[in-house]
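An overview of the molecular structure
Below are the chains, spelled out letter by letter.
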Amino acid sequence: MSTNGYAHPETLVDTEWLAGHLTDRTLRIIDVDEDTSAYDSGHIPGSVGWNWTTDLHTEVGREYVDRVGLAELLGAAGVADDTTVVLYGGNNNWFAAYAYWVLRLRGFEKAKLLDGGRKKWELESRPMTRETVDHPRTSFEVTGPAHPEIRALRDEVLAKEETGIGLVDVRSPEEFRGEKLAPPHLPQEQAQVPGHIPHAANIPWAQAANDDGTFKSAAQLRDLYEAKGITPDSEVIAYCRIGERSSHTWFALHELLGYPDVKNYDGSWTEYGSLVGVPVEMG
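This one's a predicted model, so the numbers in the text were calculated from it and none came from an experiment.

Quick notes on the nonpolar core
Counting residues in hydrophobic clusters, the biggest one holds 59 residues, and the most contacted among them are Trp50, Leu74, Leu87, Leu113, Tyr225 and Ile230. Take this core: its biggest share by element is 11 residues, from helix H5 (residues 90–106). If near-sequence neighbours (up to four positions away) are discounted, Leu87 is found in contact with Ile30, Val32, Trp50, Ala96, Ala99, Tyr100, Leu103, Ala111, Lys112, Leu113 and Leu114. Among the nonpolar cores identified, the runner-up in size contains 13 residues, and Leu181, Ile197, Ala200 and Tyr272 belong to it.

Right, dumping it as structure tokens:
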């Protein structure tokens, strides 16, 4: 398996490796998306389906499940102390990267992303099934240290807005310029106003991926981010619309390039673009 010069190549598995480990009892493959019809229409054999909205979030309020709730979710998937979780999904792993980030945030360390996600798996005509599997439930506990330092909240972003140093807007150029409020295939009523946080660098998340959905090499990623002033010697905060695309960028910067201080602003534009009195730029 090529490491592509990544700082932490162990955070990825490729499709060939996963195809050879589908029956490994120490693996749990989890399909994560906001559209669970994709899982219902076909998924990697043995995989469990997670609905990003209902499984990873609290029933009331905009917040993720806590460590106890996450442990229950993992236990329902049959995760034990010796289990490694492999996450994948559509849209080049948007929501799989989000789930990976949430797992790390809450203290679960034994997670990896399938490089290329559903897209690469399907491009290679690898096996898919509609059969679901019920793994024996475990009494699992999340015992690793939580990592609140990988999350940016509103006040941190407002403080950083004065200079914009290290702020990365990973949305499309159309969203950044204020011409759209969301990707074209989604409803356009998410935030109250269009635009971007002043001084933020616009580096669309998709520029970090190859045509088959896999991540670009470390050298290519460094060139991409450093050309826009995003360097490892300062704090970086990535944001998008709801935090899923910025999780993909967080993964590229933190896990693959090894930037030491990278945060995902999961409130993103749906929060910032609805605040009263905050600075906003267009164009």
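Comments concerning the pattern of salt bridges
A complete count under the given rule lists 18 salt bridges for this structure. We note a salt bridge from Glu63 to Arg106, for which the minimum N-O separation is 3.6 Å. Taken together, the residues Glu63 in the loop between helix H3 (52–56) and helix H4 (67–76) and Arg106 in helix H5 connect sequence positions 43 residues apart. Between Arg104 and Glu109 there is a salt bridge, with the nearest N and O atoms lying 3.2 Å from each other. Its relative accessible area of 13% is what places Arg104 among the buried residues. Glu109 sits in the partly exposed class, given a relative accessible area of 35%. In this structure, a network of salt bridges that share partners links the residues Glu63, Arg106, Arg151 and Asp266.

With respect to the sheet that holds strand E7 (residues 201–202)
The strand order across the open sheet formed by four strands is E7-E6-E8-E9, and the pairing between neighbours is parallel. The two strands at the open ends of the sheet, each matched to only one other strand, are E7 and strand E9 (262–264). As paired strands, strand E6 (residues 167–169) and E7 are joined by two bridges and run parallel to one another. If you follow Asp169 over to E7, its bridge partner there is Asn202. Each of strand E8 (236–239) and E9 touches helix H10 (residues 244–256); the most contacted strand, E9, lies at about 165° to it.

Regarding the sheet that holds strand E2 (residues 27–33)
Read across the sheet, five strands follow the order E1-E5-E4-E2-E3 without closing on themselves; strand pairing throughout is parallel. Where the open sheet ends on each side, the last strands, each with one partner, are strand E1 (12–13) and strand E3 (48–51). By the bridge criterion, five bridges tie E2 to strand E4 (residues 84–88) in an arrangement that is parallel. Considered in E4, the bridge of Leu27 is made with Thr84.

As for the UniProt feature "domain: Rhodanese" (unreviewed entry) in the chain
The UniProt record annotates "domain: Rhodanese" (unreviewed entry) at residues 23–130 and 167–281. Taken end to end, residues 23–130 comprises 41% helix and 19% strand; its first and last C-alpha atoms sit 17 Å apart.

A short note on the pairing of E8
In E8, alternate side chains face the same way, and those of Val236 and Ala238 on one face and Ile237 and Tyr239 on the other are all buried. Relative to E8, E6 is paired through three bridges, and the arrangement is parallel. Considered in E8, the bridge of Leu167 is made with Ile237. With three bridges connecting them, E8 and E9 associate as parallel partners. Paired with Val236 across the strands is Val262, a residue of E9. Between the parallel pair E8 and E9, the chain is carried across by H10, and the sense of this crossover is right-handed.

Rules used in this analysis
- Residues numbered from 1 in each chain as written.
- Predicted model: local features only at pLDDT ≥ 70, side-chain atom pairs only at ≥ 80, totals over all residues.
- Heavy atoms only, no water.
- Core = buried A, V, L, I, M, F, W, Y, C linked by side-chain atoms within 4.5 Å.
- Buried < 20%, exposed > 50% of the residue type's maximum accessible area, 1.4 Å probe, protein only.
- Helix = DSSP H or I, 4+ residues; strand = E, 2+ residues; numbered from the N terminus.
- Contact = heavy atoms within 4.5 Å.
- Salt bridge = Lys/Arg side-chain N within 4 Å of Asp/Glu carboxyl O.
- Pairing = 2+ DSSP bridges.
- Axes fitted to C-alpha atoms, helices over the stretch in contact; angles between N-to-C directions.
- UniProt positions renumbered as here; feature names shortened; annotations may be inferred.
- Right-handed = clockwise from strand over helix to strand, strands pointing away.

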